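In case you want the letters, here they are:
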Amino acid sequence: WPNKTHRIVHIMRGGIVLVALAALLLGCVGLATADNATCEDASLLQTPRKSSEFSLPLNLTLVDGIRKHRITTETFLGMVAAVLIFLTWEFFWGSAKYHEEALTAPRGLPDRWWLVIMSAMIQVVSGSVYAMGAWQNDLRDSLQISMASTTMIGAMAFVGNIAGFFGGMLFDRFGTRAMVCLGCCSLSIGYCLIGIALVSSLAKSLKVILAALGSLVAGYASISLIDNVICVACSISFLKEQAAVVGYLKAVLATAGGLWALLWVQLFQERFSLASFMAISAIAPFLVGIMSLSSMKVLPPQSTESLKERGEIARAVSLIFLLIALTCFDVWAGYDYANGMGVSGWMTGSVALVLQMSPLLLLVTLKESVQGSAGSAGSASETTGSLQNRNGITFQAAFKGIDFWLLWVCQFAVFGAGVATNQNLALILEATGHSSASSLGVALFALTSAISRVAVGILSEKYDAYFTRFHWMTASSFLAMMGQFLVCLMDLTGIMAGTCLMGLSFGSFYTVQVPLMNEMYGNLEFGKMMGAQMSCQAPAALLIVCHLLPAVYRNAAGGKELCEGRGCFQTSFLLLTVLNAVGLAAAVVLQVRNSDSLPVTRLNEARSSKGFSS
């Protein structure tokens, strides 16, 4: 009961502010829609010059009062100050609870569902980074910058992962909750920096630097401090369903990208400014992080019984059903909008948001575990067991092995291809004359990525004896190569088909990567190894997104600001096809090398032959 009360307090504390914010937003949308008005300037809730132009609905006096205030630089600075105050409080005055993670770790089946579902909610806000491709054009127009500067800002979201191992080190030392707190706060600060660049009166060069810095902070927080940490924690917590749980969380991350793209198109693009979208993007991770902190703990070994043993299949099926329903809805909404059959509306965005948050309803069906009242002796034994459960090889030993770098090359190719497609989808479709299809493309990427993550997560666990995770790695590299080839055709059908294949490749690769590394190297320094692997995203973003794509684009533009035609991106994606052929070769070599034994086994055998114990 004390654990349940603590969770309820966390959720209510963030939920009250979230409900107030939602009411405020929908109230403004309703007013603007009723009077055919828009909020096109740099304000979130802007009142027209003549207040009599609107008839104020009942109980919206507070809304009307707040609508008079524009979003300014001070608005974002106030958000940053609030986030820093909370972060300071949590780390300095509340730091004791982070060091007691093993002692107070949740036990029992209900606690497992709290961990999975609240982790999914964290992934929802983390996935906002992957929707940048949907509003890149508006960022370019708002800042009045070139295509090269725009792509550089988008690429900076992944450049920070060159230091991804640092996030892994912090996870190994401080645990899940501390890293989620830091990640959510950093993500909020990153979007605030982009917002300041949009609304401030700074010089254009300073705005670009500020937006790039915000993209860097937001991207590092999303990938290295939130996504990696949550997936590693759940991989350790669910030993019998590693790929299935990680696959579900990765699928939520993928659909979240489609959700944020849909919210931008359906709610914000026509009614509000990009600055207002940045404000919502900054508030959401902060509030969701507050609501989720009480459940962010690694489960002890005693809590890793299979779901089948406790009759929890119905909840798992419900989670998958809701996820697929959301992705299908996103694709339908994007298709209607791209073909001119639908118009942007707050109802469409609201339905998508409700579907994304609907897994929270499953928490109502849970009963609090009676195991939470166990005595201190049991807790002490769990603490010892948790420490003794760390086994495997060191990061230094893994870093020196060829298998580590083969996996690094595979990820470099798959990630580089995926981010080049998804983050620049609006620009690619604009060059081919189909700019209205950008939200559809992002939704298709999210749909195929989500389906593949769930399917591969389940299939890789059930049929591992016949089709190992190394086989899945090879298959994802092949899909990436074919996806880039189809995109380089530069027609609408090829772009959409290639985007779908890239979604399948992205989903399957990042689903099997986490449990595969756990199998290969153990969990002794798991966080650091995952962070080091993710560092490949930085050079991929720099070389591909910051240099290759802009260079080809400028050459094809012939001195013009905007490029039109197939030549804008065709050469780039042809080269990316060759890069993914190299990644496919690396995946095949990795599969052959590990067909009989894994690196952790080979290293232990080598130590034994030298007279050392494993």
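Just so you know, these numbers come straight off a predicted model, no measurement behind them.

Draft legend 1. Highlighting the overall build of the protein. Secondary structure assignment for the protein yields 25 helices and 0 strands. A separation threshold of at least 6 residues defines the contact pool for the protein, and within that pool the share at least 24 residues apart is 85%. Surface accessibility of the protein: about 23,900 Å² in total, with carbon and sulfur atoms responsible for 66%.

Draft legend 2. Summary view of the nonpolar core. Within the largest apolar cluster, 186 residues are counted, with the highest numbers of intra-cluster contacts made by F76, L198, W260, F277, M278 and F569. Leaving out residues up to four positions away in the same chain, F76 has contacts with I71, C192, G195, I196, V199, A275, M278 and A279.

Draft legend 3. Structural view of the packing of helix α20 (residues 469-487) against helix α24 (residues 570-593). Two elements in contact, α20 and α24, have axes separated by 8 Å at closest approach and are oriented at 170 degrees. Of the possible angle classes, the one that applies to α20 and α24 is roughly antiparallel. On α24, the residues touching F470, H471, M473, T474, S477, F478, A480, M481, Q484, F485 and V487 of α20 are F573, L576, T577, N580, A581, G583, L584, A587, V588, L590 and Q591. Along the lines of polarity and charge, the residues of the contact of α20 with α24 split into 14 nonpolar, 8 polar and no charged.

Draft legend 4. Layout of unusual backbone geometry. Phi angles above zero are rare outside glycine, and Q144 is one such case at about 55 degrees. You can see Q144 is positioned in the loop between α6 (136-143) and α7 (147-159). A residue is classified by how much of its surface remains accessible, and Q144, at 57% relative accessible area, is exposed. In this structure, M490 is a non-glycine residue whose phi angle is positive, near 60 degrees.

Draft legend 5. How the structure looks around the state of the cysteines. Following the criterion strictly, the structure yields 1 disulfide and no others. The side chain of C563 participates in a disulfide bridge whose partner is C568; the two sulfur atoms lie 2.0 Å from each other. Taking the torsion about the S-S bond as the criterion, the C563 to C568 disulfide, at about -95 degrees, is left-handed. Side by side, C563 and C568 carry an identical accessibility label, which is buried.

Draft legend 6. View of the packing of aromatic side chains. For the structure shown, the criterion picks out 17 aromatic pairs. Ring centres of F415 and F506 lie 6.2 Å apart, and the angle between their planes is 25 degrees; on these two criteria the pair is classed as stacked. With a gap of 91 residues between them, F415 in helix α17 (residues 402-422) and F506 in helix α21 (residues 492-521) connect regions that are remote in the sequence. Grouping residues by exposure puts F415 and F506 together as buried. Each residue in the set F395, F399, F404, W405, W408 and F412 is aromatic and connected to the rest through ring pairs, giving one cluster.

Draft legend 7. Expanded view of the packing of α17 against α21. Contact geometry for α17 and α21: axes closest at 10 Å, N-to-C directions at 155 degrees. As the angle between them shows, α17 and α21 are arranged roughly antiparallel. Seen from above, α17 lies across α21 with left-handed handedness. Note on element contacts: α21 touches α17 through T499, M502, S505, F506, F509, Y510, Q513, M517, M520 and Y521, opposite D403, F404, L407, C410, Q411, V414, F415, A417, G418 and T421. Split into classes, the residues belonging to the contact of α17 with α21 amount to 13 nonpolar, 6 polar and 1 charged.

Draft legend 8. Representation of the pattern of salt bridges. Following the criterion strictly, the structure yields 5 salt bridges and no others. The partner of D227 in a salt bridge is K250, with the nearest N and O atoms 2.8 Å apart. Here D227 is found in helix α10 (residues 204-237), whereas its partner K250 is found in helix α11 (residues 242-268), with 23 residues between them in sequence. Overall, D227 belongs to the buried group, its relative accessible area being 3%.

Draft legend 9. Seen up close, α7. A rise of 1.5 Å per residue sets the reference length of α7, with its 13 residues, at 18 Å; its end C-alpha atoms lie 18 Å apart and thus fit the reference within 8%. With 10 of 13 residues buried, α7 lies mostly within the body of the structure. Restricting attention to buried positions, one finds in α7 the residues M147, T150, T151, I153, G154, A155, M156, A157, F158 and V159. Residues of α7 that are buried in the fold lie against α6, α10, α17, α18 (425-431) and α23 (537-557).

Draft legend 10. Examining the environment of T499 more closely. The topology assignment puts T499 in helix α21. Residue classification places T499 among the buried positions, given a relative accessible area of 1%. The spatial distance from the C-alpha of T499 to the C-alpha of V442 is 8.2 Å, given a sequence separation of 57 residues. Excluding residues within four positions of it along the chain, T499 makes contact with T421, L425, G441, F445, T448 and V487.

Draft legend 11. Representation of the environment of M520 in the model. Here M520 shows up in helix α21. The exposure class assigned to M520 is buried, which follows from its relative accessible area of 0%. Here the alpha-carbon distance between M520 and D403, two residues 117 residues apart in the chain, equals 9.1 Å. Not counting chain neighbours up to four residues away, the residues in contact with M520 comprise D403, F470, L590, L598, P599 and V600.

Conventions we followed
Residues numbered from 1 in each chain as written. Predicted model: local features only at pLDDT ≥ 70, side-chain atom pairs only at ≥ 80, totals over all residues. Heavy atoms only, no water. Helix = DSSP H or I, 4+ residues; strand = E, 2+ residues; numbered from the N terminus. Contact = heavy atoms within 4.5 Å. Areas by Shrake-Rupley, 256 points an atom, 1.4 Å probe, with all protein chains shown as cover. Core = buried A, V, L, I, M, F, W, Y, C linked by side-chain atoms within 4.5 Å. Buried < 20%, exposed > 50% of the residue type's maximum accessible area, 1.4 Å probe, protein only. Axes fitted to C-alpha atoms, helices over the stretch in contact; angles between N-to-C directions. Parallel < 35°, antiparallel > 145°, perpendicular 65-115°, else oblique. Nonpolar A, V, L, I, M, F, W, Y, C, P; charged D, E, K, R; others polar. Disulfide = S-S within 2.5 Å. Phe/Tyr/Trp six-rings, centres within 6.5 Å; stacked < 30°, edge-to-face > 60°. Left-handed = near helix turned anticlockwise from the far one by under 90°. Salt bridge = Lys/Arg side-chain N within 4 Å of Asp/Glu carboxyl O. Expected span 1.5 Å × (residues − 1).

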